[in-house]
Amino acid sequence: MKSFKVPYWDLHSQYQECKEEIDLGIANLIKDSNYLGGDINTNFESSLVRYTGAPDVATVNSGTSALLLTYTLLGLDPGDEIITPSLTFGAGIEAIVQAGGTPVFVDVDEYFHIDVAKIEEAITDKTKAICYVSLYGQTPDTDKLRKIAEKNNLCLIEDGAHAFGSTYKNKKVGTLADITCFSFNVQKNLGSFGDAGAVSGFHEVCDSIRSLRVHGRDGTKGEFNEPGYNARIQNINAIVCDAKLKKLDEWIDSKRALCHIYDEELHGVVQTPKKRIHSYHTYYVYAIGCPDNTRDDLQVYLEKNGIQTRVSWPLGIHMTEAYGHYCLESLPQTESVTKNVLNLPCYHTLQDQELVINKIKEFYG
Ligand SMILES: Cc1ncc(COP(=O)(O)O)c(C=O)c1O
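Residues numbered from 1 in each chain as written. Predicted model: local features only at pLDDT ≥ 70, side-chain atom pairs only at ≥ 80, totals over all residues.

Asker: A description of the overall build of the protein chain should follow, citing residues and the corresponding values.
Answerer: A count of helical and extended segments in the protein chain gives 10 helices and 14 strands. Taking 365 residues into account, the globule formula puts the C-alpha radius of gyration at 21 Å, and the protein chain, at 21 Å, falls close to it. Its C-alpha atoms give the protein chain principal-axis dimensions of roughly 70 × 55 × 35 Å. Burial statistics for the protein chain: of 365 residues in total, 45% are counted as buried. (Helix = DSSP H or I, 4+ residues; strand = E, 2+ residues; numbered from the N terminus. Rg over C-alpha atoms; globule rule 2.2 N^0.38 Å. Buried ≥ 20, exposed ≤ 12 C-beta atoms within 10 Å, placed from the backbone.)

Asker: So, the nonpolar core: which residues are in play, and what are the values?
Answerer: Of all hydrophobic cores here, the largest spans 95 residues; its most connected members are Val60, Leu69, Ile130, Val199 and Ile209. When residues are assigned to domains, this core turns out to be shared by domain 1 (11-245) and domain 2 (248-364), each giving three or more. (Core = buried A, V, L, I, M, F, W, Y, C linked by C-beta atoms within 7 Å. Domains from an automatic or database assignment.)

Asker: So what about unusual backbone geometry? Which residues, and what values?
Answerer: One non-glycine residue with positive phi stands out, namely Phe112, at about 75 degrees. Using a count of 28 C-beta atoms within 10 Å as the deciding quantity, one classes Phe112 as buried. Of note in this structure, His215 is not a glycine but carries a positive phi near 65 degrees. Looking at the secondary structure, you find His215 in the loop between helix 6 (203-212) and strand 10 (217-218). Looking at His215, the number of C-beta atoms within 10 Å reads 15, which means it is partly exposed.

Asker: Requested: an account of the site of the ligand, with residues and values cited.
Answerer: Neighbouring residues of the ligand: 15 residues in total, closest Gly63, Thr64, Phe89, Ala161 and Ser183. Put simply, the parts of the chain that give the shell around the ligand at least two residues each are helix 3 (63-73) and helix 4 (90-98). Across the shell around the ligand, the residue classes break down as four nonpolar, nine polar and two charged. (Near = placed C-beta within 6 Å. Nonpolar A, V, L, I, M, F, W, Y, C, P; charged D, E, K, R; others polar.)

Asker: Account for the environment of Asn340, naming residues and giving values.
Answerer: Relative to the elements of secondary structure, Asn340 occurs in helix 9 (residues 332-340). The contacts of Asn340, once residues within four sequence positions are left out, are Gly289, Cys290 and Arg295. (Contact = placed C-beta atoms within 7 Å.)

Asker: Quick rundown of the environment of Thr42? Include the residues and the values.
Answerer: By secondary structure assignment, the location of Thr42 is in helix 2 (residues 38-52). For the pair formed by Thr42 and Asp195, sequence separation is 153 residues and the distance between their alpha carbons is 18 Å.

Asker: Any chance you could break down the sheet that holds strand 8 (residues 179-183) for me, citing the residues and the numbers?
Answerer: The strand order 1-9-8-5-4-2-3 describes an open sheet built from seven strands, whose pairing is mixed. The outermost strands of the open sheet, each flanked by one partner alone, are strand 1 (56-60) and strand 3 (102-106). Ignoring strand direction, the axes of neighbouring strands in this sheet form an average angle of 25 degrees. Where strand 1 meets strand 9 (residues 197-201), five bridges bridge the pair, whose relative direction is antiparallel. By the bridge assignment, Ala58 is partnered in strand 9 with Val199. Along the sheet, helix 4 makes contact with strand 2 (81-85), strand 3, strand 4 (127-133) and strand 5 (155-159), crossing strand 2 at roughly 175 degrees. This element, helix 6, spans strand 1, strand 8 and strand 9 of the sheet and lies at about 20 degrees to strand 1. (Pairing = 2+ DSSP bridges. Axes fitted to C-alpha atoms, helices over the stretch in contact; angles between N-to-C directions.)

Asker: Just give me the short version of the pairing of strand 9, but keep the residues and values in it.
Answerer: Of all five residues in strand 9, five are buried; the element is thus mostly enclosed. Alternating positions in strand 9 separate into two faces, Gly197, Val199 and Gly201 on one and Ala198 and Ser200 on the other, with burial throughout. Across four bridges, the pairing between strand 8 and strand 9 is antiparallel. Paired with Ser183 across the two strands is Gly197, which belongs to strand 9.

Asker: Requested: an account of the sheet that holds strand 7 (residues 171-172), with residues and values cited.
Answerer: Reading across from one edge, 7-6-12 is the order of the three strands in this open sheet, with antiparallel pairing throughout. Both edges of this open sheet fall to strand 7 and strand 12 (279-280), since each of them pairs with a single strand only. Judged from the two bridges that link them, strand 6 (residues 167-168) and strand 12 form a sheet pairing that is antiparallel. Residue Thr167 lies in a different strand from strand 12, and its bridge partner there is Tyr280.

Asker: Give me the domain arrangement of the protein chain: which residues, what numbers.
Answerer: What the domain assignment lists for the protein chain is domain 1 (11-245) and domain 2 (248-364). On a C-alpha basis, the centres of domain 1 and domain 2 stand 24 Å from each other. Each partner contributes to the interface: domain 1 provides 33 residues, whereas domain 2 provides 27 residues. Mapped onto the side of domain 1 that touches domain 2, the elements with two or more residues apiece are helix 4, strand 3, strand 6 and helix 7 (235-266). Sort the elements by how many residues they give to the side of domain 1 that touches domain 2 and strand 3 lands first, with three residues. A per-class count over the side of domain 1 that touches domain 2 returns 13 nonpolar, 13 polar and seven charged.

Asker: Please provide a residue-by-residue account of helix 2, values included.
Answerer: Taking 1.5 Å per residue, 15 residues should reach 21 Å; helix 2 reaches 22 Å between its end C-alpha atoms and fits that length. Every buried residue of helix 2 is accounted for by Ile40, Asn41, Phe44, Glu45, Leu48 and Thr52. Down the axis of helix 2, the smallest arc covering the buried residues is 135 degrees, so these residues share one side. Counted as exposed and oriented over 90 degrees from the buried face of helix 2: Gly38, Asp39, Thr42 and Arg50. As for helix 2, its buried residues are in contact with strand 1, strand 7, strand 9 and helix 7. Once helix 2 finishes, Gly53 follows within two positions and takes phi at roughly 80 degrees, a positive value. (Expected span 1.5 Å × (residues − 1). Arc of directions from axis to C-beta.)

Written as structure tokens, this is what we have:
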């Protein structure tokens, strides 16, 4: 594997900072052969409730499962529609389709969020829910989204995969929508040793998720109450995430300080991320907009200088083979992001940020 002077991620240092608690937790896990369920999982669920302030949280084995089980519990009939941005990861759309629904794509605004002004024209009598994505770690204006959902009697779902720890008007992600889906995969704000996720909402929702994640089985009588999935979190990941949770706010604060430096230094050179008022950005991704179709050349230039960057979405989901037939029109803002936006290295242990800044300035001369 190619090594970079400035890599895009640094996951090892997160482990180092929590090593004692993780190592002890895993040693006990092995000693007790306690790999699934039980206290480790319920303790982690309680930690997530305490941290987010949500009424309840049910863990699952991935963010994808969080979304799939959420759409399953909506009980979609063929033709039922879910309004969603196309500027997201395929998992969000796959979950709608696999649960029997139809995605209806709405373009994004300058904050990379579903464009609130375009939602109502997309609502039909088949619409069941609006799913917004708190892309890159920043929430949209959830007051406006809630109003639209309530007015039209729709379920409001947050894909909070990027935004664990973020807030809107001081309320944590996990409490802003009817149902929130989290991912704790290795790279996320709160990252496990593999795949993990959770759903937050009222007890009724989380109890349904707890049933769906174990095949819809009733634990006491061996009864299957409904068709479900095998979607339990592995306890090793509950241990890792619970340990990292204690450090998370500190990591986010340090990351925000680095992003502030990027903002100041890169202002006027590239388009720095626009901040949504009332939204506390946790910068899962620090995404810059590159002027005049220069994104790909800048990425090559940075790579030559030992700096690893990323393009999250080379295509909008509405432009892909699997899902293109759900949307026959263009979504100009989404398509522009896929061509012009680049993610810079952004984590609390980032070294050589100056090099990244200097090389970007040098590129734009
Ligand atoms: C916006 C978004 N939603 C959902 C997911 C799926 O999460 P997971 O990888 O935990 O299944 C991802 C994964 O990166 C994502 O970026």
